[in-house]
Amino acid sequence: MQSTTRDTSPDTMISAQNICKGFGGVPVLRGVSLELARGEVVAIIGPSGSGKSTFLRCLNHLETIDSGRILIEGDTLADNGADGRAQYVPEAQIRRIGHKMGMVFQSFNLFPHLTVLENIIEAPVIVKGMKREQIVPKAEALLRKVGLLEKRDAYPNRLSGGQKQRVAIARALAMEPDILLFDEPTSALDPELTGEVLRTMRELAQEHMTMLVVTHEMGFAREVANRVIFMDKGEIVEQGASDAFFAAPQHERTKAFLHNML
């Protein structure tokens, strides 16, 4: 495996090169490459089954890649060995690199037996070893940020889907990640609840949080993302600045997809 020393621009937060991944011999990612710059918001769109969520999970080591290279803030997570297969750095380094990223899932993944506040402080206490008195004020500030401070002592089953997802965003922020990954954060929500989650994400974008967002929300991709990537059948078909991407898509597959979505 090649060196783990920093060899990307200091403003390159994610560098993924020629990522390949299959399940049971069926290719799902076919040489996907992406660079994400500091403070950039990139939306990944495409039909279901195009590999968008798998790509995100590979970046966060929730799935292992078959081949390719992943660097997070210049630190190598995985690179091809002499046999052309991906090799990962040691587990301690994987964990350290993983702490640079927060993940927000479509299904919220809140602990049902913990209150909203306890859900947020769990990882900082367990993973980072923070004292409860250190993290509680920060958790309360994050709840205020997402408009849910009054729900601090509620259990998840007392929350709407939109509220659960905003708690999940606050929980990801509590670990102080440099990068936030969103895997279709509004797809499990009723349409009237989608707006409150997208509003929180817009505010994060305005604060220059580095974000990679798999989404079906074309309005968010158009208005908030700096760049849009269209994936289909495990490949990046087209990408570009969001205004140009939506105004004048170049590829026929992109045009057909947008015609059906807009």
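Residues numbered from 1 in each chain as written. Predicted model: local features only at pLDDT ≥ 70, side-chain atom pairs only at ≥ 80, totals over all residues. Heavy atoms only, no water.

Draft legend 1. Representation of the overall build of the protein in the model. Along the backbone of the protein there are nine helices and eleven strands. A compact globule built from 262 residues should have a C-alpha radius of gyration of about 18 Å, and the protein, at 19 Å, falls within 12% of that. The burial tally for the protein puts 52% of its 262 residues in the buried class. Taking contacts inside the protein between residues at least 6 apart in sequence as the whole, the part at least 24 apart equals 65%. Of the roughly 11,800 Å² of accessible surface on the protein, 49% is carried by carbon and sulfur atoms. A gap of 3 Å separates the mean positions of the 30 positive and 33 negative side-chain charges of the protein. (Helix = DSSP H or I, 4+ residues; strand = E, 2+ residues; numbered from the N terminus. Rg over C-alpha atoms; globule rule 2.2 N^0.38 Å. Buried < 20%, exposed > 50% of the residue type's maximum accessible area, 1.4 Å probe, protein only. Contact = heavy atoms within 4.5 Å. Areas by Shrake-Rupley, 256 points an atom, 1.4 Å probe, with all protein chains shown as cover. Lys, Arg positive; Asp, Glu negative; His and termini not counted. Charge placed at Lys NZ, Arg CZ, Asp CG, Glu CD.)

Draft legend 2. Looking closely at the pattern of salt bridges. Applying the stated criterion across every chain yields a total of 15 salt bridges. Between D75 and R96 there is a salt bridge, with the nearest N and O atoms lying 3.2 Å from each other. Remark: R96 occurs in helix α2 (residues 91–98) and D75 occurs in strand β5 (residues 75–80); sequence separation between them is 21 residues. As a salt-bridge pair, K255 and E252 come within 3.4 Å of each other at their nearest N and O atoms. In this pair, K255 and E252 both sit in helix α9 (residues 252–261), three residues apart, roughly one turn of the helix. Judged by relative accessible area, which is 35%, K255 ranks as partly exposed. Connected through shared salt-bridge partners, D75, R96 and K100 make up one network. (Salt bridge = Lys/Arg side-chain N within 4 Å of Asp/Glu carboxyl O.)

Draft legend 3. Just the sheet that holds strand β8 (residues 179–183), in detail. Taken in spatial order, the six strands make up an open sheet running β7-β8-β9-β3-β10-β11, and their pairing is mixed. One side of each edge strand has no neighbouring strand; the edge strands of this open sheet are β7 (101–104) and β11 (235–241). Adjacent strand axes in the sheet meet at a mean angle of 15 degrees when their direction is disregarded. Taken together, the four bridges between strand β3 (residues 41–45) and strand β9 (residues 210–214) define a ladder with parallel strand orientation. Residue pairing across strands places V42 opposite L212, the latter belonging to β9. (Pairing = 2+ DSSP bridges. Axes fitted to C-alpha atoms, helices over the stretch in contact; angles between N-to-C directions.)

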